[in-house]
Amino acid sequence: MTTLIQNGTVVTATGRHEADVLIDSITIAAVLQPGSDAAASAAGGADRVIDATGKYVVPGGIDCHTHMELPFGGTFASDTFEIGTRAAAWGGTTTIIDFAVQKTGENVRESLDAWFAKAEGECAIDYAFHMILGGVDDAALKEMDSLVGEGITSFKLFMAYPGVFYSDDAQIFRAMQVAANNGAMICMHAENGIAIDVLGEQAAARGQTDPIFHGITRHPRFEGEATNRAIQLALVAGAPVYIVHLSASEALERVAEARNQGRNVFAETCPQYLYLNLEDHLGAPGFAGAGYVCSPPLRTKHEHHHSDLWQGLRTNDLAIVSTDHCPFCMKEQKELGLDDFRAIPNGIGGVEHRMDLIYQGVVMGEITLERWVETCSTTPARMFGLYPQKGVIAPGADADIVLYDPKGTTDISVDTHHMSMDYSAYEGIRIDGKVDTVLSKGKVLIENDAYHGTKGDGAYLRRGLSSYLI
Ligand code: URP
Ligand code: ZN
Ligand code: ZN
């Protein structure tokens, strides 16, 4: 089966040009100059021609930070792999890297096997895994090498959530030493969880139990301090470090310092930290703020966090935008913390909206079209060992392609989204653009506002080592 995508503007991380894209089965076969003999002959012979006039033709999005069915605070993230990956496809994301979870004291191998079982045969799009190591112990350190051999080439460690996922500096440093040796990437949740818990207990004792106190007790300096500590530990160990879900200027400054010294220090941010804030969202009347409880928390609009993060995306101190997709419903899930913000499950769902929300950054003049592609697709592929199979429109790459309509509009709402959530954190935001058509490995998943895929279309991806390191 051959498909020709005709008359579109192909956008990559390095430029844009008018081109026709020929797909042979699951792979991009050629990128052709429109009107050339080769393009005419491809059009004549193709089984199917898709007209992309007026549309951007971009590599499918790669969301390298999702939590389908994450166990958290006595409940589970509400999207299954089936529902969450279908929602991702609706939003132009054609690959996810989800976090397999090992909690403190659990067996790594059994935890990973359970994650494979959850995802197998369920996914709409291709998927890969990072491994969360909770409370790193000797058994986990021993498993790290074999996991790298199986394509799980990055490990998330936590400086937050004592007793659940938390590792102390010695545990972190040992894991970094293993990573320095086997080439893996250390992904770090950088918040000082010990200090946060002190402020959390004190706030609760004063009766300050509303959702906004989740944000107030997770001080941005606690993120800056932990980010710096993670970087210093990684530099001594000789391991690359990738700061996940960076939210605060204080943390970004530490990343920028290390990067200015040419270190293998990287960071991502997420749409919630670019668009939402502590006062209006986490501080919404009644219990509505619970829908915005995530860690690190949304930051105040009165400091520079939002503008600094956009700036970081321009300078590459922030290399990637992921979602940290971790959806919970208000009813019966967020409600677990009605009397105490510390019991609200942490997380916001957004896997469906990342490509749109960051495209809006292009419309707002914050980043270029090319940078949109780079931060949402190409760099995630390079950072996490999927390039050049993913993240690029070039011969030999998987035909994961999105046609994006800059003349369309998208109104984000709980009434229209495809995630398993009873609210939308981005309710009412209008995007001046629209995901028009989505192909995953040559198969059309989204077209004419309808889903044409089948459960199990997506396959597991064994990842290589990062090709982003200096
Ligand atoms: O609030 C968040 N971020 N929930 C998901 C777990 C994590 O720390 O990434
Ligand atoms: Zn985290
Ligand atoms: Zn996360």
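Residues numbered from 1 in each chain as written. Chains lettered and ligands numbered in written order. Predicted model: local features only at pLDDT ≥ 70, side-chain atom pairs only at ≥ 80, totals over all residues. Heavy atoms only, no water.

*Asks:* Explain the coordination of the zinc ion (ligand 2) here, please?
*Replies:* Geometrically, a metal with four donors at the corners of a regular tetrahedron has ideal angles of 109.5 degrees, and one with six donors at the corners of a regular octahedron has ideal angles of 90 or 180 degrees. Protein-derived ligands of the zinc ion (ligand 2) are Lys156 (NZ), His189 (ND1) and His245 (NE2), with the metal-ligand distances lying across 2.1 to 2.2 Å. A separation of 3.9 Å is found between the zinc ion (ligand 2) and the zinc ion (ligand 3). Note that Lys156 is positioned in strand E11 (residues 154-158) and His189 in strand E12 (residues 185-189), a separation of 33 residues in sequence. Each member of the pair, Lys156 as well as His189, carries the same accessibility label: buried. (Donors = N, O, S within 2.8 Å, 3.2 Å for Na, K, Ca; no water. Helix = DSSP H or I, 4+ residues; strand = E, 2+ residues; numbered from the N terminus. Buried < 20%, exposed > 50% of the residue type's maximum accessible area, 1.4 Å probe, protein only.)

*Asks:* Looking at this structure, how should I read the coordination of the zinc ion (ligand 3)?
*Replies:* Those protein atoms acting as donors to the zinc ion (ligand 3) are His65 (NE2), His67 (NE2) and Asp324 (OD), and they sit at 1.9 to 2.2 Å. Between the four donor atoms coordinating the zinc ion (ligand 3), the angles at the centre fall across 87 to 142°, so the site counts as irregular. (Tetrahedral: all angles 85-135°; square planar, octahedral: opposite > 155°, others 65-115°.)

*Asks:* Help me out: how do you make sense of the packing of helix H4 (residues 138-149) against helix H5 (residues 169-182) in this one?
*Replies:* The packing of two helices is summarised by the inter-axis angle and the distance between the axes. Packing of H4 against H5 brings their axes to within 10 Å, and their N-to-C directions diverge by 30°. The pairing of H4 with H5 is recorded here as roughly parallel in orientation. The element H4 and its partner H5 pack so that their crossing is right-handed. Every residue of H5 that contacts H4 at Leu141, Met144, Asp145 and Val148 is listed here: Arg174, Ala175, Val178, Ala179 and Asn182. Within the contact of H4 with H5, the residues separate by chemical class into six nonpolar, one polar and two charged. (Axes fitted to C-alpha atoms, helices over the stretch in contact; angles between N-to-C directions. Parallel < 35°, antiparallel > 145°, perpendicular 65-115°, else oblique. Left-handed = near helix turned anticlockwise from the far one by under 90°. Contact = heavy atoms within 4.5 Å. Nonpolar A, V, L, I, M, F, W, Y, C, P; charged D, E, K, R; others polar.)

*Asks:* Mind showing me how you'd approach the domain arrangement of the protein chain here?
*Replies:* One widely used convention gives an interface's size as the accessible area the parts lose upon coming together. Partitioning the protein chain into structural domains gives domain 1 (2-58 + 397-412 + 432-450) and domain 2 (60-383). Inter-centroid distance (C-alpha atoms) of domain 1 to domain 2 is 32 Å. Domain 1 puts 27 residues into the contact, and the matching count from domain 2 is 22 residues. At the junction of domain 1 with domain 2, the criterion picks out two salt bridges. One salt bridge in this structure joins Arg16 and Glu370, with 2.8 Å as the shortest N-O distance. Where domain 1 packs against domain 2, one counts six residue pairs in polar contact (both at pLDDT 80 or more). The set of elements that each furnish at least two residues to the side of domain 1 that touches domain 2 consists of strand E1 (2-12), strand E2 (15-24), strand E5 (56-59), strand E16 (401-405), strand E19 (434-440) and strand E20 (443-447). Per-element accounting of the side of domain 1 that touches domain 2 gives the leading share, four residues, to E19. In terms of residue class, the side of domain 1 that touches domain 2 is made up of 15 nonpolar, five polar and seven charged. (Domains from an automatic or database assignment. Salt bridge = Lys/Arg side-chain N within 4 Å of Asp/Glu carboxyl O. Polar contact = N/O pair within 3.5 Å; in protein donor to acceptor, adjacent residues only side chain to side chain.)

*Asks:* How do you make sense of the site of ligand 1 when you look at a structure like this?
*Replies:* Contacts to ligand 1 come from 13 residues, most closely from Lys156, His189, Ser295, Asp324 and Asn346. Taking His67, its side chain carries an N or O atom lying 3.1 Å from an oxygen atom of ligand 1. Contact with the protein chains removes 99% of the 260 Å² of surface that ligand 1 exposes when unbound. Here the residues of the shell around ligand 1 are counted per class, giving four nonpolar, seven polar and two charged. (Near = heavy atom within 4 Å. Areas by Shrake-Rupley, 256 points an atom, 1.4 Å probe, with all protein chains shown as cover.)

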